[in-house]
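Listed below, chain by chain, are the residues.
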Amino acid sequence: SPEAARRAVHEAGVAGRAAVACLNGPTSVVISGEWAAISAAVKRLPPGTKVTRVAATHADHSPAMAQLAPALAARAAELYRRHRPRLAELCPVRRLPEITR
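Residues numbered from 1 in each chain as written. Predicted model: local features only at pLDDT ≥ 70, side-chain atom pairs only at ≥ 80, totals over all residues. Heavy atoms only, no water.

### Some details on the packing of aromatic side chains
Item 1. In the structure shown here, the tally under the stated rule is zero aromatic pairs.
Item 2. We note Arg53 situated over the ring of Trp35; from NZ or CZ to the ring centre the distance is 4.6 Å. (Phe/Tyr/Trp six-rings, centres within 6.5 Å; stacked < 30°, edge-to-face > 60°. Lys NZ or Arg CZ within 6 Å of the ring centre and 35° of its normal.)

Okay, here's the thing in structure tokens:
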């Protein structure tokens, strides 16, 4: 559960190096961060908790990514200025894309 994952991160003393990154459902939670911090948190999850490790090149949605936010925002703004999206919005009635011309 999200509560158990948050408690595990807190009890492991790894907040700031690991965090509950995503709630995929009531029983599906992602903990993201430094490998050692995640391992420490996982050891404090309730017995029987299913854990699946996912290899990744970076810790999406973890506190470690916060330092990259300004650079990513600047790059996204630059790309937006150079290549404005053509898909303006989704039609709320038909759920079809409305293309700008």
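This is not the end of the story, as more comes after the structure.
### Re the nonpolar core
Item 1. In this structure, Ala5, Ala8, Val9, Ala12, Val14, Ala18, Ile31, Ala37, Ile38, Ala40, Ala41 and Leu45 together form the largest nonpolar core, which totals 12 residues.
Item 2. Broken down by secondary-structure element, the contributors of at least two residues to this core are helix 1 (2–12) and helix 2 (35–42).
Item 3. Among all residues touching Ala40, those that are not within four sequence positions of it are Ala12 and Val14. (Core = buried A, V, L, I, M, F, W, Y, C linked by side-chain atoms within 4.5 Å. Buried < 20%, exposed > 50% of the residue type's maximum accessible area, 1.4 Å probe, protein only. Helix = DSSP H or I, 4+ residues; strand = E, 2+ residues; numbered from the N terminus. Contact = heavy atoms within 4.5 Å.)

### A look at the environment of Ala21
Item 1. Turning to its location among the elements, Ala21 is positioned in strand 1 (residues 18–25).
Item 2. Linking Ala21 and Ser62, residues 41 residues apart in sequence, is a C-alpha distance of 6.1 Å.
Item 3. Here Ala21 is in contact with Val30, Ile31, Ser32, Asp60 and His61, once residues within four sequence places are set aside.

### So, the pattern of salt bridges
Item 1. Counted according to the given criterion, the structure contains three salt bridges.
Item 2. The closest approach of N and O atoms between Glu78 and Arg82, which form a salt bridge, is 2.9 Å. Within this pair, Glu78 and its partner Arg82 are both found in helix 3 (residues 69–82), separated by four residues, close to a single helical turn.
Item 3. Residue classification places Glu78 among the partly exposed residues on the basis of a relative accessible area of 29%.
Item 4. Linked by salt bridges that have partners in common, Arg75, Glu78 and Arg82 make up one network. (Salt bridge = Lys/Arg side-chain N within 4 Å of Asp/Glu carboxyl O.)

### A closer look at the environment of Ser39
Item 1. For Ser39, the location among the structural elements is in helix 2.
Item 2. On the basis of relative accessibility, which here comes to 17%, the residue Ser39 falls in the buried class.
Item 3. Separated by 27 residues in sequence, Ser39 and Ala12 have C-alpha atoms that sit 9.3 Å apart.
Item 4. In terms of polar contacts, Ser39 uses its side chain to reach the side chain of Arg53, at 3.2 Å. (Polar contact = N/O pair within 3.5 Å; in protein donor to acceptor, adjacent residues only side chain to side chain.)

### Some words on the pairing of strand 2 (residues 28–33)
Item 1. Across six bridges, the pairing between strand 1 and strand 2 is antiparallel. Paired with Leu23 across the strands is Val29, a residue of strand 2. (Pairing = 2+ DSSP bridges.)

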